[in-house]
Amino acid sequence: MATQAERTASTCERLLDATVASLIERGYRGTSTPEICRRAGVSRGAQLHHYPTKESLVAAAVDHLLTQRVTELQDRLAKAPAGMLDLEDAASFLWKVYTGHTFYAWLEIVVAARTDEELRKVVAALDERLVAKAERLVQKFLLPFASDPKEIAATTRLILAIFDGLATHRILSHDDALAKNALRVAARNGLFVPKTKEKNA
């Protein structure tokens, strides 16, 4: 028989998966906690016990999804030989993430947060955690000799902005060709990696 911890983990996972599915299909405004519970096969009481508000449930679901994608990206980057990171390959892999459910679930709650102060606070905190993880990846794989936190932060935001913009435009165009070409140009021209002096150089 499953332990209490295993049952709790299973309940949470079903709730998170159902939340993401609803965000993708219905958007944030069309997503409700009763609908999420129905999809997950979980009682309303169980949902309230683990996630007392819609905002906390949605944030947890998107956080879970983003954490999985960041881990996948880190594993992919770690497989590159030392000093031989293929930027085009990394950009291509990240683009696959941005054209999947992950980015569009994130976009739904960011747009909704513009006019919802309580949601904005939750999403801002989630964004802060996500960017911190991204900055660690940038420093480890792109700027290993950088010592200025502002440079690492700016580079990270630039990379995220490039992918955010291309993925948002894709909603209208349904065309990956322009984005893929733009990413190849960015990788080949060093837009992802600004010139940085090595330590003790």
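Nothing here was measured: the structure is a model prediction, and the numbers come from that model.

Rules used in this analysis
- Residues numbered from 1 in each chain as written.
- Predicted model: local features only at pLDDT ≥ 70, side-chain atom pairs only at ≥ 80, totals over all residues.
- Heavy atoms only, no water.
- Phe/Tyr/Trp six-rings, centres within 6.5 Å; stacked < 30°, edge-to-face > 60°.
- Buried < 20%, exposed > 50% of the residue type's maximum accessible area, 1.4 Å probe, protein only.
- Salt bridge = Lys/Arg side-chain N within 4 Å of Asp/Glu carboxyl O.
- Helix = DSSP H or I, 4+ residues; strand = E, 2+ residues; numbered from the N terminus.
- 1 Å grid on protein atoms, 1.4 Å probe; cavity = no way out; pocket = protein on both sides within 12 Å on 5 of 7 lines; lining within 4 Å.
- Points joined across faces, edges and corners; volume = space filled by probe spheres on them.
- Nonpolar A, V, L, I, M, F, W, Y, C, P; charged D, E, K, R; others polar.

Caption draft 1: Here's a closer look at the packing of aromatic side chains. Throughout the structure, instances matching the rule amount to four aromatic pairs. Look at tyrosine 98 and phenylalanine 103: their rings are 5.2 Å apart centre to centre, the planes differ by 35 degrees, and that puts the pair in the tilted class. Considered together, tyrosine 98 and phenylalanine 103 belong to a single accessibility category, that of buried residues. For the pair phenylalanine 163 and phenylalanine 192, a centre-to-centre distance of 6.2 Å together with 20 degrees between the ring planes defines the contact as stacked.

Caption draft 2: Summary view of the pattern of salt bridges. Summed over all chains, the structure comprises twelve salt bridges. When the shortest N-O distance is used, the salt bridge between arginine 120 and glutamate 117 registers 3.1 Å. Of this pair, arginine 120 and glutamate 117 both sit in helix H7 (residues 117-141), three residues apart, which is roughly one turn of the helix. Owing to a relative accessible area of 39%, arginine 120 belongs among the partly exposed residues under this scheme. For glutamate 117, a relative accessible area of 43% puts it in the partly exposed group. A salt bridge links lysine 121 to glutamate 118; the shortest N-O distance between them is 3.6 Å. With lysine 121 and glutamate 118 both in helix H7 and three residues apart, the pair spans about one turn of that helix. The network of salt bridges with common partners includes Glu25, Arg26, Glu35, Arg38 and Arg39.

Caption draft 3: Focus on the layout of surface pockets. Considered as a void within the structure, the largest pocket measures approximately 660 Å³ in volume. Along its surface, the largest pocket is lined by 33 residues, and Leu73, Leu94, Tyr98, Ala134 and Leu160 are the ones closest to its centre. Breaking the lining of the largest pocket down by element, the ones donating at least two residues are helix H4 (54-78), helix H5 (87-98), helix H6 (101-113), H7 and helix H8 (149-173). Its residues assigned to classes, the lining of the largest pocket shows 26 nonpolar, three polar and four charged.

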